[in-house]
Amino acid sequence: MILKKYSTSITICLALALFFTIVQLGISGGLISGYWVTNLYLMGINIILAASLNLINGFTGEFSLGHAGFMAVGAFTGGIVTANLGLPFPLAVAAGMLAAAIAGVIVGLPTLRLRGDYLAIATLGFGEIVRVVLMNIDYVGGASGLMGIPEVVSWPVIFISVVLSLLLIRNFICSSHGRACLAVRENDVAAQMMGVNITYYKVLAFVIGAALAGLAGVLYAHYYSIIQPKEFSFMLTFDVLVMVMVGGLGSLTGSVVGAVLLTIASAFLQAIPELRMVLYAVLLIAAAVFRPQGLFGEKEVTLQTFKRWGGVFSGLAGHKQAD
Amino acid sequence: MGGVAPLLQLDDLHVHYGAIWALKGINLTVGEGEIVSLIGANGAGKSTTLRAISGVVTASSGRICFHEEDITKVPAHDIVKKGIAQVPEGRRVFANLSVLENLEMGAYIRRDTKGIKQDLEDVLDRFPRLRERIGQVAGTLSGGEQQMLAIGRALMTRPKLMLLDEPSMGLAPLLVKEIFSIIEEINREGTTILLVEQNARMALQIADRAYVLETGRIVLDGPAKELARQEEVKKAYLGG
């Protein structure tokens, strides 16, 4: 009975463990080259960024362009904790997420009264302010950046961070809080009339999204060991936005797939960096024209989906045998 | 209502939208179990009155009392907890959520799982068409069905007072009749109704009492049947 009740969770855990082990063996066995290991880690970081931006832009419907800013806050706070203060990595994660969350509250409270374009401009401005301010603080290395951050990020760290982030977002979305956010997105006046405190939920989604962007920043800093403010420009936010749009605003599965696909695409385009942003723009236009809702729209791929597919396939096989 | 305090009472309510003075001192009462209609032309302030009650706009002066409690300054998301539900103008259903999810959103403030289930069944019995379309995305419903959904969603809050803003808007005459008979039915089952309508004929037919608004002021009030007979009302709102 107990087995049956938890069968879905067990299946998912087993699948995740299997995936983790295969990749781990691939890395330690040298089957995955150093270049692709880097991209694999980037993929993980991008998944966290895309999923957290989707929570704000897709599920709550607030168009934020401040993700690079939150990531920078997390990256530099985490870097200070380990490189400058010499404290352990888990503390850097906690501090980076907390700092980004606080930045989220500070930016969110005044700007979430704004709608649509205005919010986008305000958050975009926030990201630029963070970048310029960091460039002018000597304590974090100024424009040349923060150096000597310990390289502690490995496959297990990335894997666990991605799984926990996705779990957090999924549980949030599936709870009554998530419903409240959806209602705010659909119609904020009606949501208010149903008893949803719209300011609270807008800020809450914004803060969770910011904290996870901060986590992505900490991971990024502790993989590359050197971080420069100029890396966290609007282009980074744009990258993440493309992942979310291509995957589908309002689909967590879409964000994961979007992040994976675009990280791979960008890895192949490394040889021609000038064209990378051009191709990104073309991709965004193509997505908007041919599939405006993104690859997944608002749909999620769950275990049930696979079971349904399994049913269809075995059904087809059954027919063939009957013939 | 001799002696008994009214369920809802507005005292000298003023509302401004920036420089625009939308309500210029509204006095109005709604007794428990009544259907009260607000009629008047476009821009008279009918919807603003409802929005002020539900807290979506704030009153610049005056008082709103519900159950003898001052709710003038209560924010919109707490008004529904007091037992006031609004069916907003233009329905405002959650277009990308399913019919079921819309109705569940109505029960957002409630935690009594059993009661919610029972009320959901009641709403679906009342609106069989919503049951047929339970999994359908609300944006794909027809205007009449969306109106039913908006009413159903408001019922899910289990309100003592239901505010309805132009429920007949954009509906075919036959559907208007249906919606109004549903409103009467809801009232018979114990929910007090405050109704805002352009369709004065229908509104006066089902109401116990009515108020006529003109440019932010109440110019006439009384039992609905009497108002319907008055020459000035006939001329201005009932087409001669």
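A. Expanded view of the pairing of strand β1 (residues 8–17) of chain B. Residues and elements named next belong to chain B. Inspection of the sheet shows β1 paired to strand β2 (residues 20–30) by eight bridges, in the antiparallel sense. Residue pairing across strands places Q9 opposite T29, the latter belonging to β2. In this sheet, strand β4 (residues 61–66) lies alongside β1 in antiparallel orientation, the contact comprising five bridges. Note on β4: the bridge partner recorded for H14 is S61.

B. Up close: the sheet that holds β4(B). Residue and element names in this part refer to chain B. Pairing within the open sheet is antiparallel, and its four strands lie in the order β2-β1-β4-β5. Of all the strands in the sheet, just β2 and β5 (69–70) have a single pairing partner and so form its edges. Packed on one face of the sheet, helix α1 (residues 46–53) meets β1, β2 and β4 and runs near 70 degrees to β2.

C. A look at the confidence of the model for chain A. This prediction gives chain A a mean pLDDT of 89; 94% of its residues lie at or above 70. Averaged pLDDT values over the elements of chain A bottom out at 62 in helix α14 (residues 303–322) of chain A and peak at 96 in helix α4 (residues 67–84) of chain A.

D. View of the environment of B:P88. By the secondary structure assignment, B:P88 is in the loop between β6 (84–87) and α3 (99–106). In sequence terms B:P88 and B:H67 are 21 residues apart; their C-alpha atoms lie 22 Å from each other. Other than its neighbours up to four places away in sequence, B:P88 contacts A:V189, A:A190, A:M193 and B:D165.

E. Structural context of helix α13 (residues 273–290) of chain A. Taking 1.5 Å as the rise per residue, α13(A) with 18 residues should run 26 Å; its terminal C-alpha atoms sit 26 Å apart, in good agreement. Buried residues are scarce in α13(A), accounting for one of its 18 residues.

F. Spotlight on the packing of helix α5 (residues 89–111) of chain A against helix α10 (residues 198–224) of chain A. All names here are of chain A. Running from N to C, α5 and α10 cross one another at 140 degrees; their axes reach a closest spacing of 7 Å. Every pair of crossing elements has a handedness; the one defined by α5 and α10 is right-handed. Along the lines of polarity and charge, the residues of the contact of α5 with α10 split into 18 nonpolar, six polar and no charged.

G. Examining the packing of α4(A) against helix α11 (residues 234–247) of chain A more closely. All names here are of chain A. One way to put it is that α4 packs onto α11 with a least axis distance of 7 Å and a crossing angle of 115 degrees. Relative to α11, the element α4 is oriented roughly perpendicular. For the crossing formed where α4 meets α11, the hand is right-handed. Note on element contacts: α11 touches α4 through F234, L236, T237 and V240, opposite H67, A68 and M71. Here the residues of the contact of α4 with α11 are counted per class, giving five nonpolar, two polar and no charged.

H. Region of the structure containing the sheet that holds strand β8 (residues 192–197) of chain B. All names here are of chain B. The six strands lie next to each other as β6-β7-β8-β3-β9-β10, forming an open sheet whose pairing is mixed. Looking at which strands have only one partner, the edges of the open sheet turn out to be β6 and β10 (217–223). Each adjacent strand pair in this sheet contributes to an overall mean axis angle of 15 degrees, direction not counted. Inspection of the sheet shows strand β7 (residues 161–165) paired to β8 by five bridges, in the parallel sense. Of the residues in β8, the one forming a bridge with L163 is L194. Running at roughly 145 degrees to β7, α1 makes contact with β3 (35–40), β6, β7, β8 and β9 (209–214) of the sheet. Packing against the sheet, helix α6 (residues 143–155) makes contact with β6 and β7, and its axis sits at approximately 170 degrees to β6.

I. Representation of the interface of chain B and chain A within the structure. Of the residues lining the interface, 17 residues belong to chain B; the matching set on chain A comes to 16 residues. Going through the elements one at a time, α2 (76–82) and α3 of chain B are the ones with two or more residues in the side of chain B that touches chain A. When residues in the side of chain B that touches chain A are grouped by element, the largest group, four residues, is from α2(B). Counted by class, the side of chain B that touches chain A contains 10 nonpolar, five polar and two charged residues.

J. Here's a closer look at the nonpolar core. Counting residues in each nonpolar core, the largest one holds 163 residues, and the members touching the most others are A:A100, A:A216, B:L195 and B:A210. The dominant element in this core, judged by the number of residues it contributes, is α10(A), at 19 residues. Excluding residues within four positions of it along the chain, A:A216 makes contact with A:I45, A:I48, A:L49, A:M71 and A:G74.

K. Representation of unusual backbone geometry within the structure. With a phi angle near 70 degrees, A:S225 is a residue other than glycine that sits in the positive phi range. Residue placement: A:S225 occurs in the loop between α10 and α11. With a phi close to 50 degrees, B:R92 is a non-glycine residue in the positive phi region. Its place among the elements puts B:R92 in the loop between β6 and α3. Since 20 C-beta atoms lie within 10 Å of it, B:R92 is described here as buried.

L. Local environment of the pairing of β10(B). Residue and element names in this part refer to chain B. Both β9 and β10 contribute to a ladder of six bridges, which runs antiparallel. By the bridge assignment for β10, Y211 is matched with D221. Once β9 ends, the chain turns through two residues before running back antiparallel as β10, passing T215 with a positive phi of about 35 degrees.

M. How the structure looks around α3(B). Listed in full, the buried residues belonging to α3(B) are B:V99, B:N102, B:L103, B:M105 and B:G106. Along the axis of α3(B), the buried residues cluster in a sector spanning 155 degrees; they form a single face. Buried residues along α3(B) sit in contact with α8 (176–186) of chain A together with α4 (113–126), α5 (128–132) and α6 of chain B.

The rules behind the values
Residues numbered from 1 in each chain as written. Chains lettered and ligands numbered in written order. Predicted model: local features only at pLDDT ≥ 70, side-chain atom pairs only at ≥ 80, totals over all residues. Pairing = 2+ DSSP bridges. Helix = DSSP H or I, 4+ residues; strand = E, 2+ residues; numbered from the N terminus. Contact = placed C-beta atoms within 7 Å. Axes fitted to C-alpha atoms, helices over the stretch in contact; angles between N-to-C directions. pLDDT = per-residue confidence, 0-100. Expected span 1.5 Å × (residues − 1). Buried ≥ 20, exposed ≤ 12 C-beta atoms within 10 Å, placed from the backbone. Left-handed = near helix turned anticlockwise from the far one by under 90°. Nonpolar A, V, L, I, M, F, W, Y, C, P; charged D, E, K, R; others polar. Parallel < 35°, antiparallel > 145°, perpendicular 65-115°, else oblique. Core = buried A, V, L, I, M, F, W, Y, C linked by C-beta atoms within 7 Å. Arc of directions from axis to C-beta.

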